[in-house]
Amino acid sequence: MTVYNFSAGPAMLPKPVLAQIKEDIPSFQNSGMSVMEISHRSDLFDNVIADAKNDLRELMNIPDNYKILFLQGGATLQFTALPMNLATQYNHIGLIDTGHWSTRAGEEAEKIGTEVTTVATSKNNDYHQLPEYTDDDNRYDYIHLTTNNTIEGTAFSKLPKTKNVLVGDMSSNFLAQQYNVEDFGAIYAGAQKNLGIAGLTVVIVREDLIGKKPLPSMLDYQLLANKNSMLNTPPVFAIYAAGLTLKWLKDIGGIAEMEKINRQKSNQLYQFLDQSKMFNNLIKPADRSLTNIPFVTGNKELDQELIAQASDRGLVNIKGHRLVGGMRASLYNAMPMEGVVALTDFLEEFEAKHLEEN
Ligand SMILES: *Cc1c(COP(=O)(O)O)cnc(C)c1O
């Protein structure tokens with residue numbers, strides 16, 4: 001049975017990436033050792049990390065004045081590291097509140113004494129749409145924006161106009177749609193959604209924003225950048241897996257091509273949901289995510305029945321996040337169109353059968 005994994009993360013890897021990992025495991029580049037066993041100070045690994053950095057720079061068109069860091073601790077640790085490194089002038093950040101992950105970013109910043117002002121929120125709309133935000137003066141060290149809201153199913157395709165530095169948590173739509181890096185002072189993303197496996201977090205940060213004060217070494221962007229992300233042992237295998245994913249994305253034709261495919265995939269599911277009498281996606285159409293699509297029937301027992309039947313068919317992990325319930329299909333880059341078609345076919349069949357019975 002073909003299994004399609006709709007998990008929000010850790011998520012599917014591209015098939016060619018898995019095949020390459022399998023081939024490389026016994027002996028990486030004829031070294032007689034796996035990637036997991038080689039020294040991070042070896043020439044072999046130097047090439048792995050250099051390639052990954054160069055490919056990411058090329059794919060996202062990252063200008064030379066931005067540093068690329070390969071870190072650990074997940075996107076969650078960056079909720080702390082970002083205010084430590086960047087909130088040095090006002091010790092005050094603005095938060096665009098679009099749901100769970102943006103709230104978490106604010107909470108962690110407050111814990112280290114950074115003042116956090118919610119400058120826009122769509123809480124009153126149950127986060128089913130994105131809030132409007134613009135400003136024309138610089139009063140915050142940065143404005144924090146979650147570009148894609150993994151749980152709620154919204155995404156910014158147009159960025160707010162701000163005189164402040166914009167920082168983007170791109171964890172769940174990193175490399176899935178095009179953004180202009182120069183619109184941001186910093187971008188960060190956990191790898192396990194769209195870039196590979198857990199254990200790696202990417203930070204892309206403009207170099208003039210960092211190095212303002214001494215910090216604990218493992219949280220100091222400037223020091224980490226000076227040491228090419230190898231202040232200590234880096235997550236060697238996760239960086240290698242990310243490198244393979246980046247090569248795969250280049251083969252596909254880059255982010256523009258990937259976005260086209262992701263739009264086709266998400267349209268396939270949204271169009272089905274919008275004409276369905278049983279299923280609903282509650283998100284304002286202009287604000288819908290390409291990568292995370294929540295939907296509901298409005299009946300918890302029916303949801304459970306559906307999730308179980310889907311799983312029997314190899315359509316796994318469509319259970320919604322506990323905060324919003326229902327179902328959620330995550331259509332990251334590695335999810336092929338065939339998987340989305342299999343899901344909509346199944347939903348259509350389930351709906352028809354149910355309507356017949358009632
Ligand atoms: C998953 C996720 C996180 C948390 O990522 P970790 O790497 O598990 O810390 C943060 N922000 C967003 C938008 C996410 O989707």
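Rules behind the numbers
Residues numbered from 1 in each chain as written. Predicted model: local features only at pLDDT ≥ 70, side-chain atom pairs only at ≥ 80, totals over all residues. Heavy atoms only, no water. Helix = DSSP H or I, 4+ residues; strand = E, 2+ residues; numbered from the N terminus. Axes fitted to C-alpha atoms, helices over the stretch in contact; angles between N-to-C directions. Parallel < 35°, antiparallel > 145°, perpendicular 65-115°, else oblique. Contact = heavy atoms within 4.5 Å. Nonpolar A, V, L, I, M, F, W, Y, C, P; charged D, E, K, R; others polar. Phe/Tyr/Trp six-rings, centres within 6.5 Å; stacked < 30°, edge-to-face > 60°. Buried < 20%, exposed > 50% of the residue type's maximum accessible area, 1.4 Å probe, protein only. Near = heavy atom within 4 Å. Polar contact = N/O pair within 3.5 Å; in protein donor to acceptor, adjacent residues only side chain to side chain. UniProt positions renumbered as here; feature names shortened; annotations may be inferred. Pairing = 2+ DSSP bridges. Core = buried A, V, L, I, M, F, W, Y, C linked by side-chain atoms within 4.5 Å.

**Some details on the environment of K163**
If you trace the backbone, K163 turns up in the loop between β7 (154–155) and β8 (166–169). Residues K163 and Y142, 21 residues apart in the sequence, show an inter-C-alpha distance of 9.4 Å.

**Here's the deal with the packing of helix α7 (residues 254–275) against helix α9 (residues 337–357)**
The contact between α7 and α9 brings their axes to 9 Å, and the two run at 5°. By the angle class used here, α7 and α9 are roughly parallel. Contact residues: α7 offers Q264, K265, Q268, L269 and F272, while α9 offers M337, V340, V341, L343, T344, L347, E348 and E351. When its residues are assigned to classes, the contact of α7 with α9 shows 7 nonpolar, 3 polar and 3 charged.

**A closer look at the packing of aromatic side chains**
For any pair of aromatic rings, the description consists of the separation of the ring centres together with the inter-plane angle of the planes. Tallied over the entire structure, the rule returns 8 aromatic pairs. Consider the rings of F237 and Y240, whose centres lie 5.4 Å apart with planes at 50°: the pair is tilted. Of the two residues, F237 and Y240 are both situated in helix α6 (residues 236–252); the distance of 3 residues between them amounts to about one turn of the helix. Of the two residues, F237 and Y240, both sit in the buried class. Consider the rings of F272 and F279, whose centres lie 6.1 Å apart with planes at 50°: the pair is tilted. Side by side, F272 and F279 carry an identical accessibility label, which is buried. An aromatic cluster of at least three residues, connected via ring pairs, comprises F28, F237 and Y240.

**Focus: the site of the ligand**
Taken together, 13 residues sit near the ligand, with T76, T150, D169, Q192 and K193 positioned nearest. Q192 is positioned with one of its side-chain polar atoms (N or O) 2.9 Å from an oxygen atom of the ligand. In terms of residue count, the dominant contributor to the shell around the ligand is helix α3 (residues 74–86) (4 residues). Residue composition of the shell around the ligand, by class: 3 nonpolar, 8 polar and 2 charged.

**So, the UniProt feature "binding site: L-glutamate" (unreviewed entry) in the protein**
UniProt records the feature "binding site: L-glutamate" (unreviewed entry) for R41 in the present numbering. On the secondary structure map, R41 appears in the loop between α1 (15–24) and α2 (43–60). Sequence-distant contacts of R41, that is, excluding residues within four places in its chain, are made with M230 and L231.

**Quick look at the sheet that holds strand β3 (residues 92–97)**
The strand order β2-β10-β9-β8-β5-β3-β4 describes an open sheet built from 7 strands, whose pairing is mixed. Among the strands making up the open sheet, the edge pair consists of β2 (66–71) and β4 (115–121). Neighbouring strand axes in the sheet, compared pairwise and without regard to direction, differ in orientation by 20° on average. When strand β9 (residues 186–190) meets strand β10 (residues 201–206), the two strands line up antiparallel, connected through 5 bridges. Bridge pairing links A186 to V205 in β10. Its contacts with the sheet put α3 on β2, β5 (142–146), β8, β9 and β10, and the angle it makes with β9 is roughly 160°. Relative to β3, helix α4 (residues 100–111) is tilted by about 160°, and along the sheet it contacts β3, β4, β5, β8 and β9.

**Overview of the pairing of β5**
Of all 5 residues that make up β5, 5 are buried, and the element is covered over most of its length. Looking at chain direction, β3 and β5 are connected through 3 bridges and run parallel. For L95, the partnering residue across the bridge sits in β5 and is H144. Of the strand pairs in this sheet, β5 and β8 are connected by 4 bridges, and their pairing is parallel. Opposite T146, over in β8, you have D169 as the bridge partner.

**Side note on the nonpolar core**
Generally speaking, soluble globular proteins have nonpolar side chains that are buried together. The biggest cluster of nonpolar side chains holds 53 residues, and the ones touching the most others in it are L56, M60, F174, L175, L195 and I204. Mapped by element, the contributors of at least two residues to this core are α1, α2, β2, β5, β9, β10, α6 and α7. It is α6 that provides the largest number of residues to this core, a total of 11 residues. Residue contacts for L195: discarding those within four places in its chain leaves F174, L175, L200, V202, A241, A242, T245 and L246. By size, the runner-up hydrophobic cluster in this structure holds 28 residues, among which are A81, I93, V205 and L219.

**Some details on unusual backbone geometry**
Omega for the peptide link from G9 to P10 comes to -10°, which places this bond in the cis form. Within the element layout of this structure, P10 appears in the loop between β1 (4–5) and α1. Unusually for a residue other than glycine, N61 sits at a positive phi of about 55°. Even without being glycine, D126 reaches a positive phi, approximately 55°. For D126, the position within the fold is in the loop between β4 and β5. Among the residues examined, D126 registers a relative accessible area of 55% and is labelled exposed.

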